[in-house]
Each structure stands twice: as structure tokens, then as C-alpha cells.
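So you can see what is in the structure, the chains are spelled out below.
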Amino acid sequence: VPLFFSCTPCPDDPNVVCPRDDLHYGNFVQFRCSSPHSYNDIATLFFNTQDDAIRNLFSSNTTHEYSFWALLTFLCIYYPLSCITYGISVPSG
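Description of the structure in this document. (Residues numbered from 1 in each chain as written. Predicted model: local features only at pLDDT ≥ 70, side-chain atom pairs only at ≥ 80, totals over all residues. Heavy atoms only, no water.)

**Considering the state of the cysteines**
Following the criterion strictly, the structure yields 1 disulfide and no others. Disulfide pairing is shown between C7 and C33; the S-S distance is 2.0 Å. Every disulfide takes its handedness from the sign of the S-S torsion; for C7 and C33 that torsion is -95 degrees, giving left-handed. Taken together, the positions of C7 in the segment before β1 (8-9) and C33 in the loop between β1 and β2 (38-39) put the pair 26 residues apart, joining distant regions of the chain. We classify C33 as buried; its relative accessible area is 12%. (Disulfide = S-S within 2.5 Å. Helix = DSSP H or I, 4+ residues; strand = E, 2+ residues; numbered from the N terminus. Buried < 20%, exposed > 50% of the residue type's maximum accessible area, 1.4 Å probe, protein only.)

Okay, here's the thing in C-alpha cells:
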């Protein structure tokens, strides 16, 4: 899915690490971006930990970092999978 979305330039805020380091947590994931200062918004939602993804979605500092289509795609994939795994006796969270 992240291959279908283009890369977005990083925000100009000097306090934001964009893209994130390879082995560290962060807001922005660089996934097959040709520019060193860009990130893929759908890859940021899918390839972060669930804690970081939720923190990014509800943060007031990331209001323009995700496109409408990236959020809609994430919803259409994540919600049915969470409904399917609800109630089974395997840890899914």
C-alpha cells in the first residue's frame, strides 16, 4: 500500500526529526523516498508502532502531515482487520 503514495516534504519545524532515524521512534518514516528530507505519510501510519501512530494522529503538531487519502486508506484497511480480530483468543494489539 505505501508504494501507491508519493513522498511529502518534511515540515520546516526545527524541533521535528524528519525522517526518523533507522532504529529510533519518531513521527516520520521515509519509505522509498528519493529525497533525503521527505517522508511517506501512509508508511508513517503503518510502519510505526501503534503507540506512535495514535500519538501522531491525535497530536496537535501533525495537523497537515497526513493527506485525506492516506487517512481514508488507513481506516479502510485497519478497521476491518481490527473487527475481524476482535474476540479471538490471540493477542492482536
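There is more to say, and it comes next.
**Description of the nonpolar core**
If you look at the biggest cluster of nonpolar residues, it comprises 6 residues: F5, I42, L45, Y66, A70 and F74. When contributions to this core are tallied by element, the ones reaching two or more residues are α1 (41-47) and α3 (68-85). (Core = buried A, V, L, I, M, F, W, Y, C linked by side-chain atoms within 4.5 Å.)

**Some remarks on the packing of aromatic side chains**
By convention here, two paired aromatic rings are described through the distance between centres and the angle between planes. Applying the stated criterion to the full structure yields 4 aromatic pairs. Centroid distance F46 to F74: 5.1 Å. Interplanar angle 70 degrees. Geometry classified as edge-to-face. Of this pair, F46 sits in helix α1 while F74 sits in helix α3, placing them 28 residues apart in sequence. Taking the relative accessible area as the measure of exposure, F46 reaches 28% and is therefore partly exposed. Classification of F74 by relative accessible area gives buried; the value is 13%. Here the aromatic rings of F74 and Y78 are separated by 5.1 Å at their centres, their planes lie at 15 degrees, and the arrangement is stacked. Placement of both F74 and Y78 in helix α3 is noted, with a separation of 4 residues, approximately one turn of the helix. The partly exposed category is assigned to Y78, whose relative accessible area is 39%. Here the aromatic residues F46, F74 and Y78 are joined through ring pairs into a cluster of three or more. Just above the ring of F31 sits the side chain of R32; from NZ or CZ to the centre is 5.9 Å. (Phe/Tyr/Trp six-rings, centres within 6.5 Å; stacked < 30°, edge-to-face > 60°. Lys NZ or Arg CZ within 6 Å of the ring centre and 35° of its normal.)

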